[in-house]
Amino acid sequence: MDYTHFFEGLRKQLDGELLLDEMSRVLYSTDASNYRIEPLGVLLPRNARDVQIAVSRASQYGVPVLARGGGSSLAGQTVGAALVIDCSRHMNRIVEIDAPGRRARVEPGVVLDRLNREVAKHGLMVGPDPASGNRATLGGMVANNATGTHSILYGNMIDHVVAAEVVLSDGTPATFAVTDRSEWTGRKKAPGLEGAIYSALDTFIARNAETIRSDTPKHWRRNSGYRLETLLDETRNLARLLCGSEGTLAVMTEIEIALVPRPTETALAIVHFKTRREALESVTTILETTPSAVELMDGVAIKQARRSAGFADQMGFIEGDPGAVLIAEFYGESEDDLDASLSELAKALHYAGQGYMTRKIVDKTDIRAVWNVRKEMLGLVMGVTGDYKPVPFIEDASVPVEHLASYIEELDAHITGRGTRVAYYAHASAGCLHVRPFLNLKDGREVQKMQDISLASMELVRRFGGSVASEHGDGLARSWLNQPFLGEDLYGACVELKKIFDATGILNPGKIVEAPEMTRDLRYGADYGTMPVETIMDFSEFGGFAATLELCNGNGACRKLDSGTMCPSFMATRDEEHSTRGRANALAASLSGVLGPGSLTSRRMYEVMELCIQCKGCKTECPSNVDLARLKTEWLARYWQDNNVPLRTQMFATLPELARSLTPGRARIVNWVNQRKSSRWFMDKFMAISRERAFPPFAERSFVSSFSSMKKADDRPEVVLFPDTFNNYLEPHVAMSAAAVLERVGYHVIVPEQPVCCGRTYLSKGFVSDAQRLAIETVDVLYPYAERGLAIVGLEPSCILTLRDEFLVLLPGEARARKVAERAMTFEEFVDEDDEHLFENNLWHDRSETPVLIHGHCHQKALSKTDSSVRCMQTSGYQNVEVADSGCCGMAGSFGYEREHVAVSKKMAELRLVPAVNALPPDAVIAAAGTSCRAQIRDLTGRQPLHPAEIMLRALQHGLSPSS
């Protein structure tokens, strides 16, 4: 069908953006589910008027409409051949917080964690807490009838929605709220569709009341079909009917939600079991002690979490190799309350003879670590290599908790009896385990197995009195089961209700009722394949370039906004194409033929990849460890094969060679030229290097040349100081400070005289072969030191950590490169790992009153952590030390100097880093190991950040140079 006229007219009326290009449609064709359906177009509305216009016009033209939030649906609710309305981009205002009334009004695109941060100031929070709360929108939560870990306390969204502003299927705006009998009668008189709905519902209730009462599943945690029983209430509220409706009845433009008090104190008990069955049989015992939550992690989930680079160091709460653990949480008003609850639990378990070990956790930091692992368990379980993935399709079933162990035992026998592995985790307290069979959906036989397992699960759930869907919704994965599960009469009532609200079926068709088979429109299928990609870097650990992209399961963790580093460009733009998920989807779509020939190295693909600043946050913060930085580097290399390399790109890539060629006289000339306004105007106009940014001056004398004259041979322990380009040629005073500190505390510092370069600038610009050549040369120089067991210490995190990371994939199988990688460490890591006697307190001034704010470099946070930076500062006398949750500085090497990127570069910093720095007192010290980070902080705040080595040098009581 030709929708040209529809879209042409729509575009003229909108305040928001209408995306119709192929790439945008492909990026919205998937979510976190097994499905792919390309939409007709994507609307990013700015206000409720945009939504009303779009739905009204869609109704006239018969165009399907699909409202979408964060796109983290596991069942496929948010994909379809429709006009997708994504409210997360602009319609994300918190309209009002009524703290005394414990209410909040929000636009549907507001992310849960953002609302919780605001209402926390009043001691309140939203009750339902899905694990995806750092990217899940309130609109999506209502549409899904979301709940979470604490569902035994707070139930589902249906228990908290107060009212909703909506657009009906013909474009009519309406308000859904509590209505008594007289108000209901009044609304029946409203003109148009609104009045017709209220009138039709009276007849519907009279005809179907008995069916609803008798056939509705009795289990409290239910999402299958529509919540028709809400229409039987004495006072009705159609906003509650929207919960779990998946946008099939109306499109929300504003939501009013009830809030609950935040708990005062919490504690955890990690109960270890030898088998999963034993753990599940213990749930009823634990529930008798009134916990706020009980979550299960089975052995498969535990092993997968321990394999994940970003989460392995948070797994200390589990000891040994249990078959399963239960995470029991308790709320209390005081520590005494928590102690009493934990003691009661211990007694109950001892009396029942359940669990072989229990670990109590009361420290708030440790508690956060446990929940961080649990919240990202979906991505952790999904992040496996190969074609067999733990697939979501029966993960949302819930049964009464007293039947949970039996249900899981029978289900497990059915699945494993087919030779299929399976993982279990999540809400044991609510009778809902997320069950993930490992299937290969590229194999037709495995696709049929998925359908067979789904039917078997449904039959078991019905027998045990549960619900097929309980929090993740019906979508494409489960809507097809509603007729056999609910029965003909109740399902028929659901179909009738849909027609009352949406007679022409334009609102998210194919969901809840009249759904296709679950095996249609799969993202992967028997006919799925990808074009071969020859790479320079090694991707064999994941099965190749395409298989690395397939690690992305669409869970959307890269869409979080206010914590961590991943993904800086999405945090700044909130555009799907600038998320890690968006880029991975775009590349995968090209390789699989969804995008046409030539798309891989097209200009449109460049636009998608452009704002990836290769921060490496995704390498560890993505639960599936999708290293988009490495993927982009390899993709760029291929892009330059088909496209001309700009002069600016070549210049920034070859910065190390330029710096090495500068004599003192040449350095003075280059610095003079760079400072001229005319020069900066020229570079801005003809090379797109922003005149807003001032280049850091080249040093007239490099660190290596200065230090070589100071070397002294003696019998002190030796350490190698790696002279990276930035600290060698641009800021040699930093390297001199590091050498001074190391010499003063008893080391003989060795600096290689032969040129060494990590190749970072080449990698960032896609010159992979050049970076490989430099890696070989650098390994040649450094290997003799590494072979002797010497530490190779670096000051610029992105450079020294390249030796640990990219060198291993640039030179796969090279034993010398691995040896160098093993000995490479940041300055802070080396100081932290040193024997305590070398850092005795009498060397340092007491700086305990001086506050220090540490901003971690992105690569440092991804590959090294900032704990060692904290201990460095504490070692040297600073005790008031804080690590800023500042995200990415946004400078990212040359990125912040490039004219078209200056604005987004600043936006990245202004989200969290700049406010954190501006809030510091005047005497505070700012520690930043990254050269780019320091430049960005200076430019945007006027403050002077220092490398940790410089701060440590200032703290020394005496001995300020290597020659002293």
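All of these numbers come straight from a predicted model, not from anything done at the bench.

**Q** Kindly report on the overall build of the protein, identifying the contributing residues and their values.
**A** The helix and strand inventory of the protein stands at 45 helices and 27 strands. Taken against the 2.2 N^0.38 rule, which gives 30 Å for 964 residues, the C-alpha radius of gyration of the protein at 30 Å falls within 12% of a compact globule. By its C-alpha atoms, the protein is 95 × 70 × 55 Å across when sized along the principal axes. When burial is assessed residue by residue, the protein has 63% of its 964 residues classed as buried. Restricting to contacts in the protein with at least 6 residues of sequence separation, those with at least 24 account for 76%. Surface summary for the protein: the accessible area is close to 35100 Å², and the carbon and sulfur share equals 49%. Averaging the locations of the 106 positively and 124 negatively charged side chains of the protein gives two centres separated by 4 Å.

**Q** Can you explain the sheet that holds strand β6 (residues 103-106)? Please cite residues and give values.
**A** The strand order β5-β6-β12-β8-β9 describes an open sheet built from 5 strands, whose pairing is antiparallel. Edge positions in the open sheet fall to β5 (94-98) and β9 (173-176), since each of these has one partner strand only. Pairs of neighbouring strands in the sheet enclose a mean axial angle of 10 degrees, with direction left out of account. Where strand β8 (residues 161-167) and strand β12 (residues 251-258) come together, 6 bridges link them in antiparallel fashion. Note that in β12 the partner of Val 167 across the bridge is Val 251. On top of the sheet, helix α4 (residues 112-119) reaches β5, β6 and β12; it is set at about 40 degrees to β5, its chief contact.

**Q** Residue-level account of the pattern of salt bridges, with values.
**A** Evaluated as defined, the whole model comprises 67 salt bridges. Within the structure, one salt-bridge network assembled from shared partners comprises Glu 541, Lys 616, Lys 619, Asp 627, Arg 630, Arg 760, Asp 805 and Glu 806.

**Q** Mind laying out the packing of helix α35 (residues 768-787) against helix α38 (residues 815-823), listing which residues take part and the relevant values?
**A** Where α35 contacts α38, the two axes come as close as 9 Å, and the packing angle between them is 65 degrees. As for how α35 packs across α38, the hand of that crossing is left-handed. Of the residues in α38, those in contact with Val 779, Asp 780, Leu 782, Tyr 783, Ala 786 and Glu 787 of α35 are Arg 816, Ala 817, Lys 819, Val 820 and Arg 823.

**Q** Would you mind going over a negative patch on the surface in detail, with residue names and values included?
**A** Taken together, the side chains of Glu 333, Glu 335, Asp 336, Asp 337 and Asp 339 present a region of like negative charge at the surface. If you trace the backbone, Asp 337 turns up in helix α13 (residues 335-352). A relative accessible area of 34% places Asp 337 in the partly exposed class.

**Q** If you had to explain helix α1 (residues 4-13) to someone new, which residues and values would you point to?
**A** For α1, the complete set of buried residues consists of Phe 6, Phe 7, Gly 9 and Leu 10. Seen from one end, α1 has its buried residues packed into an arc of 170 degrees, which puts them on one side. Those residues of α1 that are exposed and angled more than 90 degrees off the buried face are His 5 and Lys 12. Those residues of α1 that are buried lie in contact with β1 (17-19), β2 (41-44), α3 (48-61) and β4 (83-86).

**Q** Mind laying out the sheet that holds strand β26 (residues 881-883), listing which residues take part and the relevant values?
**A** Working definition: the strands of a sheet are paired by backbone hydrogen bonds and lie parallel or antiparallel to each other. The strand order β26-β25-β27 describes an open sheet built from 3 strands, whose pairing is parallel. Whereas interior strands pair on both sides, the edge strands pair on one side only; in this sheet they are β26 and β27 (925-928). With strand direction ignored, the average angle separating the axes of adjacent strands in the sheet is 25 degrees.

**Q** Tell me about the side chain of Glu 806, residues and numbers included.
**A** Of note, Glu 806 is situated in helix α37 (residues 806-810). Beyond its immediate chain neighbours, meaning those up to four positions away, Glu 806 contacts Met 537, Lys 616, Arg 760, Leu 763 and Leu 801.

**Q** Could you give me a rundown of the packing of helix α8 (residues 192-215) against helix α20 (residues 488-501), with the residues and numbers involved?
**A** A pair of packed helices is characterised by two quantities: the angle between their axes and the separation of those axes. Two elements in contact, α8 and α20, have axes whose closest approach is 10 Å; the angle formed by their N-to-C orientations is 175 degrees. On the basis of the axis angle, α8 is roughly antiparallel to α20. Contacts between α8 and α20 pair Leu 193, Ile 197, Ala 200, Leu 201, Phe 204, Arg 207, Asn 208, Thr 211, Ile 212 and Asp 215 from the former with Asp 489, Leu 490, Ala 493, Glu 496, Leu 497, Ile 500 and Phe 501 from the latter.

**Q** Now, about the environment of Pro 128: what can you tell me, with residues and values included?
**A** Here Pro 128 shows up in the loop between β7 (124-125) and α5 (138-144). Residue Pro 128 is classed as buried on the basis of its relative accessible area, which comes to 1%. With sequence-adjacent residues up to four places away left out, Pro 128 is seen in contact with Leu 112, Met 141, Ala 146, Thr 147, Tyr 154, Gly 155, Asn 156, Met 157 and His 160.

**Q** Before we move on, could you go through the packing of aromatic side chains and cite the residues and values that matter?
**A** Under the definition given, this model contains 17 aromatic pairs. Ring centres 4.8 Å apart and planes at 75 degrees place the aromatic pair Trp 184 and Tyr 198 in the edge-to-face group. Here the residue Trp 184 occupies a position in helix α7 (residues 181-187), and Tyr 198 occupies one in helix α8, the gap between them amounting to 14 residues. Assessed through its relative accessible area of 4%, Trp 184 is described here as buried. Overall, Tyr 198 belongs to the buried group, its relative accessible area being 1%. Centroid distance Phe 695 to Tyr 897: 5.4 Å. Interplanar angle 25 degrees. Geometry classified as stacked. Of the two residues, Phe 695 sits in the loop between α30 (677-687) and α31 (703-708) while Tyr 897 sits in the loop between β26 and α42 (902-911), which places them 202 residues apart along the sequence. Here Phe 695 falls in the partly exposed class, since its relative accessible area comes to 25%. Following the ring pairs from residue to residue traces out a cluster consisting of Tyr 606, Trp 635, Tyr 639 and Trp 640. Positioned above the aromatic ring of Phe 438 is the side chain of Arg 421, whose terminal nitrogen or guanidinium carbon lies 3.9 Å from the ring centre.

**Q** Pulling in residues and values, what's your account of the nonpolar core?
**A** Ranked by internal contacts, the top residues of the largest apolar core, which has 111 residues, are Leu 138, Phe 176, Leu 201, Phe 204, Leu 497 and Phe 501. Here this core gets 8 residues from one element, more than from any other, and that element is α20. Counting 87 residues, the second largest nonpolar core, distinct from the first, contains Val 111, Val 608, Leu 628 and Leu 636.

**Q** Quick rundown of the environment of Ala 884? Include the residues and the values.
**A** Considering the arrangement of structural elements, one finds Ala 884 in the loop between β26 and α42. Ala 884 sits in the buried class, given a relative accessible area of 10%. For Ala 884 and His 855, which are 29 residues apart along the polypeptide, the C-alpha to C-alpha distance reads 5.6 Å. Contacts of Ala 884, omitting those with residues within four sequence positions, involve Leu 853 and Ile 854.

**Q** Would you mind going over the side chain of Arg 912 in detail, with residue names and values included?
**A** Following the sequence through the fold, Arg 912 ends up in the loop between α42 and α43 (913-918). There is a polar contact of 2.6 Å between the side chain of Arg 912 and the backbone oxygen of Gly 564.

**Q** Could you give an account of the pairing of β9, with specific residues and numbers?
**A** Here β9 shows a clear split, with Ala 174 and Phe 176 buried on one side and none of Pro 173 and Thr 175 buried on the other. Direction of pairing for β8 relative to β9: antiparallel, over a ladder of 4 bridges. Bridge pairing links Val 167 to Pro 173 in β9. Count of turn residues in the β8/β9 antiparallel hairpin: 5 residues, of which Gly 171 carries a positive phi of about 95 degrees.

**Q** Could you give an account of unusual backbone geometry, naming the residues involved and the relevant values?
**A** Of the consecutive residues Met 566 and Cys 567, the connecting peptide bond is found in the cis state with omega at -10 degrees. Structurally, Cys 567 can be placed in the loop between α21 (545-549) and α22 (568-573).

**Q** Could you give an account of the confidence of the model for the protein, with specific residues and numbers?
**A** In the predicted model, the protein carries a mean pLDDT of 94, and 97% of its residues have values of at least 70. Below a pLDDT of 50 lies the segment residues 959-964, which in the model reaches 12 contacts outside its immediate sequence neighbourhood of four places, other chains included.

**Q** Give a detailed account of the environment of His 160, specifying residues and quantitative values.
**A** Along the chain, His 160 falls in the loop between α6 (151-154) and β8. With relative accessibility at 7%, the residue His 160 sits in the buried group. A sequence separation of 83 residues divides His 160 from Cys 243, and the C-alpha atoms of the two residues are 10.0 Å apart. Apart from residues no more than four positions distant in its own chain, His 160 is found in contact with Gly 127, Pro 128, Tyr 154, Glu 256, Ile 257, Ala 258 and Val 260.

Procedures and definitions
Residues numbered from 1 in each chain as written. Predicted model: local features only at pLDDT ≥ 70, side-chain atom pairs only at ≥ 80, totals over all residues. Heavy atoms only, no water. Helix = DSSP H or I, 4+ residues; strand = E, 2+ residues; numbered from the N terminus. Rg over C-alpha atoms; globule rule 2.2 N^0.38 Å. Buried < 20%, exposed > 50% of the residue type's maximum accessible area, 1.4 Å probe, protein only. Contact = heavy atoms within 4.5 Å. Areas by Shrake-Rupley, 256 points an atom, 1.4 Å probe, with all protein chains shown as cover. Lys, Arg positive; Asp, Glu negative; His and termini not counted. Charge placed at Lys NZ, Arg CZ, Asp CG, Glu CD. Pairing = 2+ DSSP bridges. Axes fitted to C-alpha atoms, helices over the stretch in contact; angles between N-to-C directions. Salt bridge = Lys/Arg side-chain N within 4 Å of Asp/Glu carboxyl O. Left-handed = near helix turned anticlockwise from the far one by under 90°. Patch = residues over 30% accessible without salt bridge, like charges linked within 9 Å, V, L, I, M, F, W, Y side chains within 5 Å. Arc of directions from axis to C-beta. Parallel < 35°, antiparallel > 145°, perpendicular 65-115°, else oblique. Phe/Tyr/Trp six-rings, centres within 6.5 Å; stacked < 30°, edge-to-face > 60°. Lys NZ or Arg CZ within 6 Å of the ring centre and 35° of its normal. Core = buried A, V, L, I, M, F, W, Y, C linked by side-chain atoms within 4.5 Å. Polar contact = N/O pair within 3.5 Å; in protein donor to acceptor, adjacent residues only side chain to side chain. pLDDT = per-residue confidence, 0-100.

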